[in-house]
Amino acid sequence: MAHMQAASAENIRRDIENLNQFNATPGDGITRILFTDQELKAREYIKKRMEETGLEVKEDAIGNIFGTLKGSKPNLAPVWTGSHIDTVPHAGSFDGMTGVVGGLEALRIIKESGNTHSRNIQVIVFTSEEPTRFGKGCLGSRALAGDLTQGETTGLSDETGMTLAQVLDRLGYDKKQFPDIKKERGDVHGCVELHIEQGAVLENIGKKTGVVTAISAPTDLIIEVEGTQEHAGATPMPMRKDAMTAAARMILKIEELARTSDNPSTVATVGKLDIFPGATNVIPGKVRFTVDMRSDSFEEKEQILHKIQKNAEALVEIEGVRISVSIVSHEHPASADKHIVDVIRDVCQRQNKEYNVMVSGAYHDSMFVSRFAPFSMIFVPSRGGISHHKDEWTDYEDIASGVDVLAETLLIMSNEEVKQK
Ligand code: HGY
Ligand code: MN
Ligand code: MN
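Everything quoted here is computed from the prediction, not taken from an experiment.

A.B. asks: Quick question: what am I supposed to make of the site of ligand 1 here?
C.D. replies: All residues adjacent to ligand 1 are Asp 95, Glu 129, Glu 130, Arg 294, Ala 362, Tyr 363 and His 388. Taking His 388, its side chain carries an N or O atom lying 3.1 Å from an oxygen atom of ligand 1. Relative to its unbound accessible surface of 220 Å², ligand 1 loses 93% to contact with the protein. Judged by the proximity of its atoms to the pocket grid, ligand 1 belongs to the largest pocket. For the shell around ligand 1, the per-class residue count stands at 2 nonpolar, 1 polar and 4 charged.

So this is what it looks like as structure tokens:
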């Protein structure tokens, strides 16, 4: 393999900073929500940068963007990298962007190295990895895995009531081509996503590179508690059916179930809560809240889900309220491909980079890509483990170092003729 120049931290900084100009909350973190003006401008920026890098640019019917570096045998299944450019509200600058900009830089140094490669190498912007707008994450990679149909896009609506189907239609995406999005096993040779760790493991052990062997999967619930809306002053305590206190009991029970688990990857979060009618002197008649549960054990998530439902039944009896538990998503954890993990580890050794083999607590598009293609991920450190926060930070030199590992890994995989055992 001919020598490859080192990735440019300056290129990476420039593209991430330029991308993050497209932001709805300047000065208060990055907010770039799916298919809003800011995100559409960010999409155009990335497509322009893909063209400038000499890639062929295409989009599918849900807006996944593919930048292709042609190989000598374009009919072979391609090698993938990529991530997302949409964010949670008031996010940091690196979640997702690292894998898109880093993937672009990896393809640039592969192209400029003059190394030949058989398979096409593609850097992908996956649509809507974050659940921010439609309450469900990984919409683009979910559709690639065949886990989101065009019909289901009519059932996903944002806070204004607009559906994903309507948004796609307004933007000119052709719903008749939606079935063509889906990939079958064998369509993709392998995928390696570069991402910030979003935790503090690498920083605490003083290593700059993570090699991911599994991704914890989310189970997302929406729980609605209905009691009786009444006067806060005139209603004696024994006569109340207070939706808020019943919800509070449920939330503490959910937190206890996760906290007392002996599996460190099992976590649960209530991140959104709405109280109706939301007045200081009215007993809440209705409370709606979300539960985001994660674990690398699907069985444990099943057990906890069952206990949540049993706890709801008990509270209905005690508090005289009505409770509904809706399952928005209930995903299986994804195991990385041993061969790809070994390729990344060998590359780290050749580049004299200490690495840590680890599980990802955050989910990523790779979780859905794993449904049809072998994958692994490369992590770079998050300062203080801070993420989904405006203070999220990763040194550009650390990202460039991760890109060097990514580029060599992609080049090796793009010259693999047959499935490695
Ligand atoms: O929530 C997650 O794990 C991802 O950042 N969407
Ligand atoms: Mn995220
Ligand atoms: Mn992410």
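A.B. asks: Is there a simple way to explain the layout of surface pockets in this structure?
C.D. replies: To find leftover empty space, a probe the size of one water molecule is rolled over the atoms. Of the volumes computed, that of the largest pocket is approximately 1,400 Å³. Breaking the lining of the largest pocket down by element, the ones donating at least two residues are β7 (217-226), β9 (267-269), β10 (273-276), β12 (286-295) and β15 (355-360). A per-element tally of the lining of the largest pocket places β12 first, with 6 residues. Looking at the lining of the largest pocket residue by residue, the class counts come to 16 nonpolar, 13 polar and 14 charged. One number sums up the size of the second largest pocket: a volume of about 430 Å³. Lining the second largest pocket we find 21 residues, and of these Lys 58, Phe 66, Thr 68, Gln 122 and Lys 183 sit closest to its centre. Those elements giving two or more residues to the lining of the second largest pocket turn out to be β1 (56-59) and β2 (65-69). Looking at the lining of the second largest pocket, the element that brings in the most residues is β1, giving 3 residues. Across the lining of the second largest pocket, the residue classes tally to 9 nonpolar, 4 polar and 8 charged.

A.B. asks: It is not clear to me how the environment of Lys 73 should be interpreted in this structure. Could you clarify?
C.D. replies: The residue Lys 73 is located in the loop between β2 and β3 (79-83) in this model. Considered as a pair, Lys 73 and Asn 120 are 47 residues apart in the sequence and their alpha carbons are 7.4 Å apart.

A.B. asks: I'm lost on the packing of aromatic side chains in this one. Help?
C.D. replies: Two numbers describe a pair of aromatic rings. These are the distance of the centres and the angle of the planes. Scanning the entire structure with this criterion turns up 8 aromatic pairs. Judged by centre distance (5.9 Å) and plane angle (40°), the ring pair of Phe 35 and Tyr 173 falls under tilted. In this pair, Phe 35 is assigned in the loop between α1 (9-19) and α2 (37-52) and Tyr 173 in the loop between α6 (164-170) and β5 (190-196), connecting sequence segments 138 residues apart. Of the residues examined, Phe 35 reaches a relative accessible area of 6% and is grouped as buried. Both rings, one in Trp 393 and one in Tyr 396, keep their centres 5.5 Å apart while their planes meet at 80°; by these two values the pair is edge-to-face. Grouped by ring-pair contacts, the aromatic residues Phe 66, Trp 80, Phe 126 and Phe 372 constitute a single cluster. Sitting over the ring of Phe 276, Lys 286 keeps its end group 6.0 Å from the ring centre.

A.B. asks: Where do I start with the coordination of the manganese ion (ligand 2) in this structure?
C.D. replies: Around a metal, the idealised angle for a tetrahedral arrangement of four donor atoms is 109.5 degrees; for an octahedral arrangement of six donor atoms it is 90 or 180 degrees. Protein-derived coordination of the manganese ion (ligand 2) comes from Asp 95 (OD), Glu 130 (OE) and His 388 (NE2), at a distance range of 2.0 to 2.2 Å. We note that the donor set of the manganese ion (ligand 2) lies within a single chain, spaced as D-x34-E-x257-H. Here the manganese ion (ligand 2) and the manganese ion (ligand 3) are spaced 3.6 Å apart, with Asp 95 acting as a shared donor. Here the residue Glu 130 occupies a position in the loop between β4 (121-125) and α4 (139-144), and His 388 occupies one in the loop between β16 (375-380) and α12 (396-414), the gap between them amounting to 258 residues. By relative accessible area, which is 4% here, Glu 130 ends up buried.

A.B. asks: Could you clarify how one ought to interpret the side chain of Glu 105 in this entry?
C.D. replies: By the secondary structure assignment, Glu 105 is in helix α3 (residues 97-113). A relative accessible area of 4% means that Glu 105 is categorised as buried. If sequence neighbours within four positions are ignored, Glu 105 has contacts with Ala 7, Ser 8, Asn 11, Ile 12 and Val 403.

Quick notes on the rules
- Residues numbered from 1 in each chain as written.
- Chains lettered and ligands numbered in written order.
- Predicted model: local features only at pLDDT ≥ 70, side-chain atom pairs only at ≥ 80, totals over all residues.
- Heavy atoms only, no water.
- Near = heavy atom within 4 Å.
- Polar contact = N/O pair within 3.5 Å; in protein donor to acceptor, adjacent residues only side chain to side chain.
- Areas by Shrake-Rupley, 256 points an atom, 1.4 Å probe, with all protein chains shown as cover.
- 1 Å grid on protein atoms, 1.4 Å probe; cavity = no way out; pocket = protein on both sides within 12 Å on 5 of 7 lines; lining within 4 Å.
- Sits in = over half its atoms within 2 Å of the grid points.
- Nonpolar A, V, L, I, M, F, W, Y, C, P; charged D, E, K, R; others polar.
- Points joined across faces, edges and corners; volume = space filled by probe spheres on them.
- Helix = DSSP H or I, 4+ residues; strand = E, 2+ residues; numbered from the N terminus.
- Phe/Tyr/Trp six-rings, centres within 6.5 Å; stacked < 30°, edge-to-face > 60°.
- Buried < 20%, exposed > 50% of the residue type's maximum accessible area, 1.4 Å probe, protein only.
- Lys NZ or Arg CZ within 6 Å of the ring centre and 35° of its normal.
- Donors = N, O, S within 2.8 Å, 3.2 Å for Na, K, Ca; no water.
- Contact = heavy atoms within 4.5 Å.

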